[in-house]
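Here is how the chains run, residue by residue.
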Amino acid sequence: MSARPVPRPTVLSEPFWAAARRGDLVVPECVSCDLRFFVPEPACPGCMARDWRYAPSSGRGTVYTVTVVHRAPGPGFEAPFALAVVDLDDGGTLLSHVDAGDPDDVVIGMRVRVDFRALTDRITLPYFVPES
Ligand SMILES: [Zn+2]
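Description of the structure in this document. (Residues numbered from 1 in each chain as written. Predicted model: local features only at pLDDT ≥ 70, side-chain atom pairs only at ≥ 80, totals over all residues.)

**Let's talk about the overall build of the chain**
Here's step 1: Assigned secondary structure in the chain consists of one helix and seven strands.
Here's step 2: In sequence order, the chain lays out its α and β elements as α-β-β-β-β-β-β-β.
Here's step 3: Compactness check: the chain gives a C-alpha radius of gyration of 15 Å against a globular reference of 14 Å for 132 residues, within 12% of the reference.
Here's step 4: Along the three orthogonal principal directions, the C-alpha set of the chain runs to about 45 × 35 × 25 Å.
Here's step 5: The burial tally for the chain puts 23% of its 132 residues in the buried class. (Helix = DSSP H or I, 4+ residues; strand = E, 2+ residues; numbered from the N terminus. Rg over C-alpha atoms; globule rule 2.2 N^0.38 Å. Buried ≥ 20, exposed ≤ 12 C-beta atoms within 10 Å, placed from the backbone.)

Right under this line is the structure:
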């Protein structure tokens, strides 16, 4: 069985991965306009300020939209799976797996919370699961 591709942390994303290893979700927050965004970029996509920091998130949110992927995008993925855009309650939007058992059970408007799955020693992926 071949291994699934592993995300490679960059200077911008390393604090995100370090937090995920601890079981914490953090998202970039602009110091100038308070916008929370994802993925981390050199400048705030709202106002272009370069001054942003990672802010803790509750990891709770709502499924904005979802698709079920039936064909594995590469080795190591188990299809089918649900891939969703999650609107976080405290700001920011993440594209993430939502594991509800049956991927067809993931629907728009579903309440979810973050959950973490270790992929390697260094990389822990945020997933979302139905809020209980
Ligand atoms: Zn901004």
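**Considerations on unusual backbone geometry**
Here's step 1: A cis amide bond links Phe38 with the next residue in sequence, Val39, at an omega value of 10°.
Here's step 2: With respect to the secondary-structure elements, Val39 resides in the loop between β1 (25-30) and β2 (52-57).
Here's step 3: Residue Ala79 is joined to Pro80 through a cis peptide bond whose omega torsion reads 0°.
Here's step 4: Unusually for a residue other than glycine, Asp34 sits at a positive phi of about 70°.
Here's step 5: Along the chain, Asp34 falls in the loop between β1 and β2.

**Looking at the pairing of β1**
Here's step 1: Counting buried positions along β1 yields six of six residues, so the element is predominantly enclosed.
Here's step 2: Side chains Leu25, Val27 and Glu29 of β1 all project onto a buried face; the interleaved residues Val26, Pro28 and Cys30 project onto the opposite face, where all are buried too.
Here's step 3: Here β1 runs beside β2; their pairing, made up of six bridges, is antiparallel. Bridging across to β2, Pro28 finds its partner in Tyr54. (Pairing = 2+ DSSP bridges.)

These figures come from the coordinates and say nothing about function on their own.
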